[in-house]
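Chain by chain, the residues:
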Amino acid sequence: MEKLILIDGNSIIYRAFFAMPPLTNSKGLHTNAVYGFTNMLLRLIQEEKPSHILVAFDAGKETFRHEGYKDYKGGREKTPHELSEQFPLMRELLESFGIAWFELSGYEADDIIGTISKKGEESGRQVLIVTGDKDMLQVVSDNVKVALTRKGISEVEPYGPKEIEERYGLRPEQIIDLKGLMGDTSDNIPGVPGIGEKTALKLLHQYGSVEEVLAHTDEMKGKMKENLVNHAEDARMSKKLATIFYEVPVERSWEDMAFAGVQEDKAAPMLHRLEFKSLLERLDFTVGTAGEATSDSNVQSLTEVDVTIVDTATLPELKELLPQIEMMYVESYGDNPHHAIAMGMTLSTPERHFFVPFDFLKSKEAEVIVAWLGDASVPKRGYDLHRADLVLHWLGITLAGEEHDVQLAAYLLDPTDNNQTTSGLAAKYKLPIIASDEEVYGKGAKFKVPDQEILSKHLARKAQLLLQIMELQRNELEKNEMNRLFYELEMPLSRILADMEKQGVAVNRDDLIQLGKEFESQIAKLMKQIYEIAGLEFNLNSPKQLGEVLFDKLGMPVMKKTKTGYSTDAEVLEKLAPYHEIVQYILDYRQLAKLQSTYVEGLLKEISPITGKVHTYYRQTIAATGRLSSQFPNLQNIPIRMEEGRKIRKVFVPSEEGWFILAADYSQIELRVLAHISEDEGLQEAFLHDLDIHTKTAMDVFGVSADQVDSNMRRSAKAVNFGIVYGISDYGLSQNLNITRKEAAQFIEKYFQAFGGVRRYMDDIVLEAKRDGYVKTLLERRRYLPEINASNFNIRSFAERTAMNTPIQGTAADIIKLAMVLMDEALKKQGLKSRMLLQVHDELVFEVPPEEMDIMSKLVPEIMGQALPLSVPLKAEVSSGLNWYEAK
DNA sequence: AATATCACG
DNA sequence: ACGTACGTGATATTA
């Protein structure tokens, strides 16, 4: 049977434009959309081998749809000129490829395609429509399929009647009823307010069509009924607008649309003009002539890979090669690795790739693989092994022996690189490009686990690249003197973190609920008072509405603006508090609302029904300074500064009867680190004598003796110390202390006079950053600062402050990470039952059985204090109790 | 998806 | 003269 492909040119070229990075030829001509379109076209030709092709375009501004509804497609952004200039190029390219195209003033591409597809079907041809527009689904039939583009244009999802039934539970012709009810913002089709896809489908499943729905509104109630009655006409019109017109006078014959393959003599000059070198190279001009074999054409941009799917039959081959496996990759989806769904695993030697389906891995016969995974004496190389460990753990499988994690190494080599994906790293190292995960899986709601065929190949391609990347990383780590940091600190730490996360922290659910009730009643009281005083009810959580009440209605002075309107943050509200009693209530409300939503409700949602604990996920490859971060839930920002919030800590309890929570935190670790690296004598002296550092700073800055330092002076000195650590600026300090910039500048000058070594450090580190392009910590952790020489003052200043702060914050991070590794060793060596549960940047939290309280109270601060010998002592203070609140 | 706000070190 | 303190993550609202 002959096959006809109909392409919605506008839809595809738009998607190509936004999906592709900007691309211009040497003359400055934008070509990215044409490139994306062409790539897709060639792939279609190769895969579908069509006998006929036609590309339809929209023409002119006004179509017959505007006659009934002048706002049709209103509110759309104007087409960027970078795109509009590509339309003529696209038409030329189609002509050079011998592909027919058609447009007709007054009609949309949809209508042209609909018309031709009907004719194609009637003449006994198979039809495939390629578009990004779901409206097109209405023309689907047994012989007409619609391929919808997914995530850009790299992949399409074919829809026949069966797929529409599965996805929507509708017949193709009901798609217009769906649009009629839900509307379409992109075309400015109104639909019925309050009815989205969910509701629309429910109604259609019950009544079948817009007309039937409208005829039965008497059976409904509430807002929905009201909306349907009031907007019945909108619904009817919307349906009409979405309905394809099948009578377009198309001036193309079958002969015009026949496609006989791309001819080199015609196509090559055009491709040259566009400078599509890769396409020229890849095209061998034998592609796609109807019915002809397309043997060795490599239109496909991806390299071929061979993967062996591991099953009963192929297991012996893998078994044989297990000792030679050099790369493992576990794919899963879901942001939270504790709940992630495993998709598949690849095990690779440099020559061969094995794909292990998880169903098989769980079977009895696969236990040889499970044993291999759990054998700590077998070094594992992989990508994001931390995540792999957790995913496998919740499947009951142990992973051990992690030696090289490519993601973690990539983070160390450039912690600010936010594309540590395999395809991103491949690009960085100029290795062959592979499809990104987003291209293969889609993102957000479009995410879909692909067929095993596609998945296994994608993973194999990743593994292939990862093997190469790993070798390059080994060299680079060596060159950067980061071997110790990587192999002795970060790699062992990644195991420890995974173990802490699996262990989790017990949370007393009932107490948390009780606390929530107390917050709730206070919140209700505050809301009532606020609404009463304001004289109206509004959404207190909306800064916009709050701003209107405060500034427009009550006429309070505007202190600060955000880019969208009035600022109502705590700093502003505190200044406004004297003007009106309502402000304090709002501040109190804000505080409680935060506690309730984030810490009560948020935490409750994270308690595992399986373990009754929260299992956070420490991310080791995020923070630019080398710190950890914590997610799902974030256990590094549990309230402590305010008593109300601090109560949250009471619900974090030991997981075993009679045990205790023990917490130890470093005292002034950042300033001690600063004392060490700046070699400032005064600062070192202060820590050698274990002075109160803020008081000491106040003495020097204000030139007074210890007993003359009042609380206000100490507060200022503390702010100066913070400023120093952050990379000081007079403006920042003045904001913090609510003083003038001049006064702040004087403080800073005084500070530098007293601590000359610190001034020298600040100056030197900025020069070092300008010279090397990066700064580093004591353990050789790097952070590149490409903006350190920027001409823009703001950008440059930011980089300079970062240069000052990163070695301090980063070295502190190095130290506590070292302490964690040493602590883990000590616990194991001494056979202690105590468990490390949490890390909060300068604090470690443990759960400890009663008989180990004495030893742990000594051991923990000792190990933390000796983790990295500095020129000043490191001090860790320990405390304990029945819960985290008491361990303060 | 972006913005505002606020919790922590 | 320039205008921000350093590093994170979660929530609710709004576009």
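For clarity, every value in this text was computed on a predicted model and none was experimentally measured.

**Quick word on the protein's contact with DNA strand C**
- Around DNA strand C, the surrounding shell holds 34 residues, and the nearest of these are Ser 542, Ser 629, Arg 741, Phe 793 and Phe 798.
- Put simply, 58% of the atoms of DNA strand C that lie within 4 Å of the protein are in sugar or phosphate.
- Between DNA strand C and the protein, one listed contact pairs a phosphate oxygen with a side-chain N or O atom of Asn 539 at 3.0 Å.
- One of the side-chain nitrogen or oxygen atoms of Gln 809 is found 3.2 Å away from a base oxygen of DNA strand C.

**Side note on the nonpolar core**
- Core analysis: the biggest nonpolar cluster contains 153 residues, and Phe 652, Tyr 666, Leu 674, Tyr 751, Phe 846 and Met 856 have the highest contact counts within it.
- Look past the residues within four positions of Phe 846 in its chain and what remains in contact with it is Phe 660, Ile 661, Leu 662, Met 823, Leu 827, Arg 835, Met 836, Leu 837, Met 856 and Val 860.
- In this structure, Leu 6, Ala 100, Tyr 107 and Leu 178 belong to the second largest nonpolar core, which totals 46 residues.

**Re the pattern of salt bridges**
- Taken as a whole and judged by the stated rule, the model has 45 salt bridges.
- Here Lys 179 and Asp 135 are joined by a salt bridge, their closest N and O atoms 2.2 Å apart. Remark: Asp 135 occurs in the loop between strand 4 (126-131) and strand 5 (144-150) and Lys 179 occurs in helix 8 (residues 175-182); sequence separation between them is 44 residues.
- When its relative accessible area of 3% is taken as the criterion, Asp 135 is described as buried.
- A salt bridge links Lys 239 to Asp 177; the nearest nitrogen and oxygen atoms lie 2.6 Å apart. Residue Lys 239 is found in helix 12 (residues 232-242), and its partner Asp 177 is found in helix 8; the two are separated by 62 residues along the sequence. Like Lys 239, the residue Asp 177 is buried in the burial classification.
- A single network of salt bridges, built from pairs that share partners, joins Asp 389, Glu 402, Arg 495, Asp 499 and Lys 502.

**Points about helix 32 (residues 693-702)**
- For helix 32, the buried fraction is high: 7 of the 10 residues fall into the buried class.
- All buried positions along helix 32 are accounted for by Ile 693, His 694, Thr 695, Lys 696, Thr 697, Ala 698 and Val 701.
- Tucked into the core, helix 32 has its buried residues touching helix 30 (669-678), helix 31 (681-688), helix 33 (711-726) and helix 35 (741-754).
- Regarding helix 32, its N-cap is Asp 692, as a side-chain oxygen of that residue lies 3.0 Å from the backbone nitrogen of His 694 further along.
- In the stretch just after helix 32, Gly 703 is the one whose phi turns positive, near 65°.

**Brief notes about the protein's contact with DNA strand B**
- In the vicinity of DNA strand B lie 22 residues, with Thr 568, Lys 594, Ile 640, Arg 641 and Asp 842 positioned nearest.
- Take the atoms of DNA strand B that sit within 4 Å of the protein: sugar and phosphate atoms are 77% of them.
- Between DNA strand B and the protein, one listed contact pairs a phosphate oxygen with a backbone N or O atom of Ala 570 at 2.8 Å.
- One nitrogen or oxygen atom from the side chain of Lys 594 is found 2.7 Å from a base oxygen belonging to DNA strand B.
- Among the elements that take part in the surface near DNA strand B, helix 28 (residues 581-606) stands out by supplying 3 residues, more than any other.
- In terms of residue class, the surface near DNA strand B is made up of 7 nonpolar, 8 polar and 7 charged.

**A closer look at the side chain of Ser 494**
- Looking at where Ser 494 falls in the secondary structure, it is placed in helix 24 (residues 483-503).
- According to the relative accessible area criterion, Ser 494 is buried, its value standing at 3%.

**Quick notes on the packing of aromatic side chains**
- Counted according to the given criterion, the structure contains 16 aromatic pairs.
- With 4.8 Å between their ring centres and 45° between their planes, Phe 551 and Tyr 566 make a pair best called tilted. Pair noted here: Phe 551 is in helix 26 (residues 543-553) and Tyr 566 is in strand 15 (residues 565-566), with a separation of 15 residues, a long-range link.
- Among the aromatic residues, those joined into a ring-pair cluster are Phe 57, Phe 87 and Trp 101.
- The ring of Tyr 168 is capped by Arg 167, whose NZ or CZ atom sits 4.4 Å from the centre of that ring.
- Stacked on the ring of Tyr 885, the Lys or Arg Lys 650 has its end atom at 4.6 Å from the ring centre.

**A word on the UniProt feature "domain: 3'-5' exonuclease" (unreviewed entry) in chain A**
- As annotated by UniProt and renumbered to match this structure, "domain: 3'-5' exonuclease" (unreviewed entry) occupies residues 306-478.
- When the span residues 306-478 is considered, its composition is 43% helix and 17% strand, and the gap between its end C-alpha atoms is 33 Å.

**Looking at the domain arrangement of chain A**
- The domains assigned to chain A are domain 1 (3-169 + 247-257), domain 2 (297-504), domain 3 (511-614 + 623-627) and domain 4 (681-754).
- Distance from the C-alpha centre of domain 2 to the C-alpha centre of domain 4: 50 Å.

Cut-offs used in this document
- Residues numbered from 1 in each chain as written.
- Chains lettered and ligands numbered in written order.
- Predicted model: local features only at pLDDT ≥ 70, side-chain atom pairs only at ≥ 80, totals over all residues.
- Heavy atoms only, no water.
- Near = heavy atom within 4 Å.
- Polar contact = N/O pair within 3.5 Å; in protein donor to acceptor, adjacent residues only side chain to side chain.
- Core = buried A, V, L, I, M, F, W, Y, C linked by side-chain atoms within 4.5 Å.
- Buried < 20%, exposed > 50% of the residue type's maximum accessible area, 1.4 Å probe, protein only.
- Contact = heavy atoms within 4.5 Å.
- Salt bridge = Lys/Arg side-chain N within 4 Å of Asp/Glu carboxyl O.
- Helix = DSSP H or I, 4+ residues; strand = E, 2+ residues; numbered from the N terminus.
- Nonpolar A, V, L, I, M, F, W, Y, C, P; charged D, E, K, R; others polar.
- Phe/Tyr/Trp six-rings, centres within 6.5 Å; stacked < 30°, edge-to-face > 60°.
- Lys NZ or Arg CZ within 6 Å of the ring centre and 35° of its normal.
- UniProt positions renumbered as here; feature names shortened; annotations may be inferred.
- Domains from an automatic or database assignment.

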